[in-house]
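# A closer look at the structure
Chain residues, written in single-letter form:
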Amino acid sequence: MSTKYKATTSEECYFITITTVGWIDVFTRLNQKYVIINALKHCQEHKGLEIYAYVLMSSHLHLLCKATEGFILSDVIRDFKKFTSKKITQTIITELESRREWMLDYFEKACEHLKRNQQYKVWQDGYHAELIYSNSFIKQKVDYIHNNPVKEKTVSLPEDYYFSSARNYAGLDNDLEVILLDLF
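This report concerns the structure included in the present document. No experiment lies behind these values; they were computed from the predicted model shown. (Residues numbered from 1 in each chain as written. Predicted model: local features only at pLDDT ≥ 70, side-chain atom pairs only at ≥ 80, totals over all residues. Heavy atoms only, no water.)

## Details of the pairing of strand β1 (residues 14-19)
With respect to burial, β1 is a largely interior element, six of its six residues being buried. Pairing of β1 with strand β4 (residues 128-131) involves four bridges; the strand directions are antiparallel. Following the sheet pairing, I16 is matched in β4 by A129. (Buried < 20%, exposed > 50% of the residue type's maximum accessible area, 1.4 Å probe, protein only. Helix = DSSP H or I, 4+ residues; strand = E, 2+ residues; numbered from the N terminus. Pairing = 2+ DSSP bridges.)

Dropping the structure here:
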């Protein structure tokens, strides 16, 4: 498997994008958003994940992050995706979801080409990881992350989108703590 867009090192910062299969809008309900937020918190507390910026959109997650304490970011992301995939499908099955049958059918069909035996596939294979190489690149990626909901016309100002670190940088309440960067 190619390592071109993989975070295979420890202690280096990456811009990462993780996307649902078919770009399905899974994260339109609060219960699904909190599956992701709580899993990120767990990774911060138990897997050495440091998050500097993030945004959870309806079909994807952007992170500016790194693994510390001897953890390797690719392992953290693999475990995150595996856990959240199971939790997302469990939530679809057990909680109110008007698109339940359609989503589960789509996730099931996404497994047909897999060699391993898997019932549902929520996330696209892999993830897109770009190694951070300069302060200007950091600023560009943080701006991109924070302006994603503005670009999608979900909100007018980045800090108005609750599931984004733009709120942390603006000094507003947020359910996920991040390490604030001095963005000059």
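Anyway, onward from the coordinates.
## As for helix α4 (residues 135-151)
Taking 1.5 Å per residue as the helical rise, α4 with its 17 residues ought to reach 24 Å, and the 23 Å between its terminal C-alpha atoms agrees with that figure. Of all the bends in α4, the largest measures some 30° and sits at I145, one to four residues before the proline P149. Looking at α4, one finds that the buried residues are F137, I138, K141, V142, I145, H146, N148 and P149. Contacts made by the buried residues of α4 are with β1, β2 (49-56), β3 (60-67), β4 and α5 (166-169). (Expected span 1.5 Å × (residues − 1). Bend = angle between axes of the 7 residues up to and from the residue. Contact = heavy atoms within 4.5 Å.)

## Observations concerning the side chain of Q32
The residue Q32 is located in helix α1 (residues 30-46) in this model. Classification of Q32 by relative accessible area gives buried; the value is 1%. When sequence neighbours within four positions are dropped, the list of residues in contact with Q32 reads V26, F27, I88, T91 and I92.

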